[in-house]
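# Coordinates in review
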Amino acid sequence: MFGLLSVPVGVWQDKRGKKFVLMTGLVVALVGLLNASFGLASFARFLMTVLLLGGGAAILQVAGNPIMRDVSEEGKFARNLTLGQFVKAIGSLSGPLIPVIAARYFGADWKIIFPIYAVAVFITLLAIASLPIQEKQPEHKTATLGSCFSLLGNGYVLAMVTAIFLYVGAEVSVSSGIPLFLKERYAIDINRVGLLGTGLFFMALTIGRFCGGVVLNWMAPRKFLLVTCAAAILGLLGLFIPVAAVAAVSFFVAGLGFANVFPLIFSIAVDSMPSRANELSGLMVTAIVGGAILPPIMGFVADRSSMQVGFLVPLAAIVYITATALANQKNRAAEAG
């Protein structure tokens with residue numbers, strides 16, 4: 001759904017406005033949650049839930065990221081977008097926790113998560129509807145699919161969209177590869193404690209996003225992107241040291257490094273071309289499809305060598321992003337000079 005909807009929604013958003021599209025995404029997600037809340041009696045109904053939730057999430061990403069710029073003070077877009085990702089991470093962590101708590105303490109079925117999230121989305125929808133937002137109007141002619149894809153002819157835009165594609169692919173590759181790495185390298189039973197490493201990674205993502213929102217109060221986004229890329233590379237390289245304790249620390253360090261890459265790339269790109277924010281948002285959210293492409297490549301490499309070697313795939317992706325960050329920093333220094 002991210003791959004199919006993002007660019008058309010970005011174009012539509014240029015015509016109808018970000019708040020309208022944001023609320024549309026919430027409505028689509030709410031319909032999906034209500035569909036599941038009243039029973040998943042068939043596989044077709046389950047797929048419809050996935051379709052609606054995926055579509056709602058894609059629409060929300062396209063609208064939510066640039067609208068953050070409209071409500072942010074000058075120079076605070078990257079910080080606020082990073083804090084938004086921190087809140088999003090808390091929501092993601094609640095997914096596995098709510099069913100466990102519901103079953104253990106209330107004897108409820110795991111599907112209780114659907115009505116709980118439906119209520120949360122409905123409250124959010126009411127809050128957004130009453131929120132006054134002064135949207136920054138684009139200074140160019142109305143966007144079209146052609147004008148959106150033509151941006152890829154700009155080398156800078158292509159590099160940033162590719163960076164998003166590779167980042168999302170790298171994050172999914174690492175999170176899905178950790179349990180397999182633990183089993184292969186240290187004979188740790190995935191069913192028993194394999195999620196420990198993944199938990200460390202996601203905990204670091206959450207902590208890192210909060211810390212990023214603080215650090216961006218005094219550090220420039222371009223410089224911080226280099227710092228966070230360096231931490232990600234350091235964490236991934238640590239997996240090649242044959243010590244279990246080092247691997248655990250490496251998962252955490254990698255998570256801290258991965259935490260702020262997406263909001264930093266997004267905010268840097270939009271700040272460089274604010275008049276094309278809707279089109280850029282559509283392109284970069286489309287690039288989230290990288291999460292479905294890099295993991296199979298990592299699996300292909302791992303099947304023919306080892307999971308440890310497979311981690312070279314996300315490492316190569318982060319090295320590319322680091323090179324892009326260095327180019328951004330040099331361009332910024334040249335402009336200042």
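What you are looking at is a predicted structure, and each value in this text was computed from that prediction instead of being measured.

## Looking at the side chain of Ser 281
Along the chain, the position of Ser 281 falls in helix 12 (residues 277–286). Take Ser 281: its relative accessible area is 0%, and that puts it in the buried class. Setting aside its immediate chain neighbours within four residues, Ser 281 contacts Gln 61, Val 62, Pro 66 and Phe 266.

## Examining a nonpolar patch on the surface
Together, Met 1, Leu 4, Met 48 and Leu 51 make up an exposed nonpolar region whose accessible area comes to about 380 Å². Looking at the secondary structure, you find Met 1 in the segment before helix 1 (2–16).

## A short note on the pattern of salt bridges
Tallying each qualifying case throughout the model produces 5 salt bridges. Among the ionic pairs, Lys 111 bridges to Asp 109, the shortest N-O distance being 3.1 Å. Overall, the relative accessible area of 33% leaves Lys 111 in the partly exposed class. With a closest N to O distance of 3.8 Å, Arg 209 and Glu 171 form a salt bridge. Residue Arg 209 is located in helix 8 (residues 190–215), and its partner Glu 171 is located in helix 7 (residues 155–186); the two are separated by 38 residues in the primary sequence. Given the relative accessible area of 6%, Arg 209 is considered buried.

## Section: helix 3 (residues 43–70)
The periodicity of an α-helix, 3.6 residues per turn, causes residues three or four positions apart to be oriented the same way. End to end, helix 3 covers 41 Å across 28 residues, agreeing with the expected 40 Å (1.5 Å per residue, within 8%). Within helix 3, the axis deviates most sharply at Gly 64, by approximately 25°, and proline Pro 66 lies no more than four positions further along.

## Examining the confidence of the model for the chain
Looking at the chain as a whole, its pLDDT mean stands at 88, while 94% of the residues score no less than 70. Mean pLDDT across the secondary structure elements of the chain bottoms out at helix 8, with 78, and peaks at helix 13 (residues 294–303), with 96.

## Focus: the packing of aromatic side chains
Scanning the model with the defined rule gives 11 aromatic pairs in all. Ring centres of Tyr 167 and Phe 258 lie 5.9 Å apart, and the angle between their planes is 40°; this geometry places the pair in the tilted category. On the criterion of sequence distance, the pair formed by Tyr 167 in helix 7 and Phe 258 in helix 10 (residues 244–258) is long-range, its members being 91 residues apart. Centre to centre, the rings of Phe 201 and Phe 258 are 5.7 Å apart; their planes meet at 70°, and the pair counts as edge-to-face. Here the residue Phe 201 occupies a position in helix 8, and Phe 258 occupies one in helix 10, the gap between them amounting to 57 residues. With a relative accessible area of 0%, Phe 201 lands in the buried category. On the basis of relative accessibility, which here comes to 0%, the residue Phe 258 falls in the buried class.

The rules we used
Residues numbered from 1 in each chain as written. Predicted model: local features only at pLDDT ≥ 70, side-chain atom pairs only at ≥ 80, totals over all residues. Heavy atoms only, no water. Helix = DSSP H or I, 4+ residues; strand = E, 2+ residues; numbered from the N terminus. Buried < 20%, exposed > 50% of the residue type's maximum accessible area, 1.4 Å probe, protein only. Contact = heavy atoms within 4.5 Å. Patch = residues over 30% accessible without salt bridge, like charges linked within 9 Å, V, L, I, M, F, W, Y side chains within 5 Å. Areas by Shrake-Rupley, 256 points an atom, 1.4 Å probe, with all protein chains shown as cover. Salt bridge = Lys/Arg side-chain N within 4 Å of Asp/Glu carboxyl O. Expected span 1.5 Å × (residues − 1). Bend = angle between axes of the 7 residues up to and from the residue. pLDDT = per-residue confidence, 0-100. Phe/Tyr/Trp six-rings, centres within 6.5 Å; stacked < 30°, edge-to-face > 60°.

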